[in-house]
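Structural features, examined
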Amino acid sequence: MTDTIYAAATAPGRAAVAVVRVSGPQARSVVRRLTGRAAPRPRMASLRTLRADDGLVLDEALVLWLPGPASYTGEDSAEFHLHGGPAVVAGVLEALGAQGLRLAEPGEFTRRAFENGKLDLAQAEGVADLIEAETLAQRRQALDQLGGRLSSAQAAWRAALIEALSVFEAAVDFPDEE
């Protein structure tokens, strides 16, 4: 993946806080361009003024720099925790688009996490299940799946089946030996 993507990570509408995520090779330069400063220390929130290319103030936001591979997607990433008004979010998204970044497709951050080995397929499905969870039971199941419980069970089943297959093959190949 050579392109850098961006998207709102929170639902559209009015809220106290909205999160916009960026992931890809240009993430660090995006932070510098929007804030006029170097990226903050990794995984440390820093209050920064965000500006469009024309100098117009977009918002005062918390900025997080998440260098890869120690990020959700496994790529260099940044998060902008903005005031949640629709005009603020739209302004930041527009500024990111003006930098030549591509708007992420639904689920693309999780797809990149899967492709970069940060999640297995069951865990990636657990993310989708957690987003859709409406009940306590659904939430618990999704968190278990995201935490690797299903993957661990499948790995144990696989190991047991491989062991059984090896014993069976040995019995077929060497029927006269104990």
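Our structure's up above, just so we're on the same page.
Residues numbered from 1 in each chain as written. Predicted model: local features only at pLDDT ≥ 70, side-chain atom pairs only at ≥ 80, totals over all residues. Heavy atoms only, no water.

Moving on: helix H4 (residues 121-132). With 12 residues, H4 should reach 16 Å at 1.5 Å per residue; the first-to-last C-alpha distance of 17 Å fits that figure. Structurally, H4 contributes buried residues whose contacts are with helix H3 (108-115), helix H5 (136-146) and helix H6 (149-173). Residue Asp-120 occupies the N-cap position of H4, its side-chain oxygen lying 3.1 Å from the main-chain nitrogen of Ala-122. (Helix = DSSP H or I, 4+ residues; strand = E, 2+ residues; numbered from the N terminus. Expected span 1.5 Å × (residues − 1). Contact = heavy atoms within 4.5 Å. Polar contact = N/O pair within 3.5 Å; in protein donor to acceptor, adjacent residues only side chain to side chain.)

The omega torsion of the bond from Gly-68 to Pro-69 falls at 5°, within 30 degrees of zero and hence cis. Structurally, the position occupied by Pro-69 is in the loop between strand E4 (57-66) and strand E5 (77-83). Of note in the backbone geometry, Arg-43 takes a positive phi value of approximately 60° without being a glycine. Position of Arg-43 among the secondary structure elements: in the loop between helix H1 (27-35) and strand E3 (46-51).

Glancing now at a nonpolar patch on the surface. Among the surface-exposed residues, Leu-165, Phe-168 and Val-172 lie close enough to one another that they form a single nonpolar patch of about 310 Å² accessible area. Within the secondary structure layout, Phe-168 lies in helix H6. Since its relative accessible area comes to 54%, Phe-168 is described here as exposed. (Patch = residues over 30% accessible without salt bridge, like charges linked within 9 Å, V, L, I, M, F, W, Y side chains within 5 Å. Areas by Shrake-Rupley, 256 points an atom, 1.4 Å probe, with all protein chains shown as cover. Salt bridge = Lys/Arg side-chain N within 4 Å of Asp/Glu carboxyl O. Buried < 20%, exposed > 50% of the residue type's maximum accessible area, 1.4 Å probe, protein only.)

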